[in-house]
Amino acid sequence: DYKAKYPFSMIKVITMTGAFSRGIGLKVGASQFGNTSLLFFCDVDVIFTKHFIDRCRANTVLGRQVYFPVMFSQYDPKFADAGGTAGGDLLNQRKGPTSEGYHILTKNTGYWRFSSFGMTCVYRLDFARVGEFDASIRGWGMEDIDLFQKFVASDLETFRAVDPGLVHVYHPIHCDPSLPVVQYNMCLGSKANTYGSAAKLVRFWQDNM
């Protein structure tokens, strides 16, 4: 379907087996490109605009700089779209801000995900120079932090800024108890952050006491 929709684009699907590892999957994908190719590491639950792609190109310099944009992460619509007299928010009473589109960036619809380093614009050569992703990291999280720390320790500049063209779409999060303790606790923290803003959660609690 995508090949028919984008006939001039190269779309390749690589089938893999084994336990889930985001790092390994991205390494295999990156290996399909030449050293001077600009890569954008992205998750399937993230949407982005043309303007973001422009910034990805502009903020990444081969042999000099990598770009770690800070994405906007949506709150649970159950709380972000909560209307009623306690909220006093007319927009929310019209089906809520998330129904108006993904790029409604307000303190009640989501938050800037400063703790995440998974979205990355980097040239293939620079990715290889720092050692790529740690293939021993399995399951949820940690591979992005490890890669970011490698770049910080290298002679390359790391550019980080909020990017309004990059939005993590809300979805329920399941944290596997069998994960290593550090990864499991990070997953629980991420899950808690996505419920809603403090103001919305307080209003929800007041309305449902």
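These lines cover the structure that appears in this document, whether it is placed above or below. Keep in mind the model is a prediction, meaning the values are calculated, not measured.

### Considerations on the pairing of strand E6 (residues 120-123)
Part 1 of the argument: The two faces of E6 match: Thr-120 and Val-122 on one face and Cys-121 and Tyr-123 on the other face are all buried.
Part 2 of the argument: Looking at chain direction, strand E1 (residues 38-41) and E6 are connected through four bridges and run antiparallel. Across the sheet, Phe-41 pairs through a bridge with Thr-120, a residue of E6.

### A short note on the state of the cysteines
Part 1 of the argument: One pass over the full model with this rule turns up two disulfides.
Part 2 of the argument: Cys-56 shares a disulfide with Cys-121; S-S distance 2.1 Å. Judged by the sign of its S-S torsion, about -125°, the cystine formed by Cys-56 and Cys-121 is left-handed. In this pair, Cys-56 sits in helix H3 (residues 50-58) while Cys-121 sits in strand E6, placing the two residues 65 residues apart along the sequence. Taken as a pair, Cys-56 and Cys-121 share a single burial class, namely buried.

### Some remarks on helix H2 (residues 22-30)
Part 1 of the argument: Every buried residue of H2 is accounted for by Arg-22, Gly-23, Leu-26 and Ala-30. Buried residues of H2, seen end-on, are gathered within an arc of 95° and therefore sit on one face of the element.
Part 2 of the argument: In the core, the buried residues of H2 are packed alongside E1, helix H6 (124-129) and helix H7 (143-153).

### Describing the sheet that holds strand E5 (residues 110-112)
Part 1 of the argument: Overall, mixed pairing links the four strands, which are arranged E2-E8-E4-E5 in an open sheet. Because the sheet does not close on itself, it has two edges, and the strands there are strand E2 (46-48) and E5. For this sheet the average axis-to-axis angle between neighbouring strands, irrespective of direction, equals 35°.
Part 2 of the argument: Of the pairings in the sheet, the one linking E2 to strand E8 (residues 162-168) comprises three bridges and is antiparallel in character.

### A closer look at the side chain of His-168
Part 1 of the argument: Mapped onto the elements of the fold, His-168 is located in strand E8.
Part 2 of the argument: Residue classification places His-168 among the buried residues on the basis of a relative accessible area of 5%.
Part 3 of the argument: Side-chain polar atoms of His-168 contact the side chain of Ser-73, separated by 3.2 Å.
Part 4 of the argument: Not counting residues within four places of it along the chain, the set of residues in contact with His-168 comprises Asp-45, Val-46, Met-71, Phe-72, Ser-73, Gln-74 and Arg-113.

### Focus: the environment of Val-130
Part 1 of the argument: Mapped onto the elements, Val-130 comes out in the loop between H6 and H7.
Part 2 of the argument: Spatially, the C-alpha atoms of Val-130 and Phe-148 are 9.7 Å apart, while their sequence positions differ by 18 residues.
Part 3 of the argument: Sequence-distant contacts of Val-130, defined by excluding residues within four places in its chain, comprise Leu-147, Lys-150, Phe-151, Ser-154 and Leu-156.

### Quick look at the pairing of strand E4 (residues 70-74)
Part 1 of the argument: Among the five residues of E4, five are classified as buried, and the element is accordingly described as predominantly covered.
Part 2 of the argument: Taking every second residue as pointing to the same face, both faces of E4 are buried, with Val-70, Phe-72 and Gln-74 on one and Met-71 and Ser-73 on the other.
Part 3 of the argument: The pairing of E4 with E8 spans three bridges and is parallel. Bridging from a neighbouring strand, Phe-72 pairs with Val-167 of E8.
Part 4 of the argument: The pairing of E4 with E5 spans three bridges and is antiparallel. Bridge pairing links Gln-74 to Gly-110 in E5.

What counts, and at which threshold
- Residues numbered from 1 in each chain as written.
- Predicted model: local features only at pLDDT ≥ 70, side-chain atom pairs only at ≥ 80, totals over all residues.
- Heavy atoms only, no water.
- Buried < 20%, exposed > 50% of the residue type's maximum accessible area, 1.4 Å probe, protein only.
- Helix = DSSP H or I, 4+ residues; strand = E, 2+ residues; numbered from the N terminus.
- Pairing = 2+ DSSP bridges.
- Disulfide = S-S within 2.5 Å.
- Arc of directions from axis to C-beta.
- Contact = heavy atoms within 4.5 Å.
- Axes fitted to C-alpha atoms, helices over the stretch in contact; angles between N-to-C directions.
- Polar contact = N/O pair within 3.5 Å; in protein donor to acceptor, adjacent residues only side chain to side chain.

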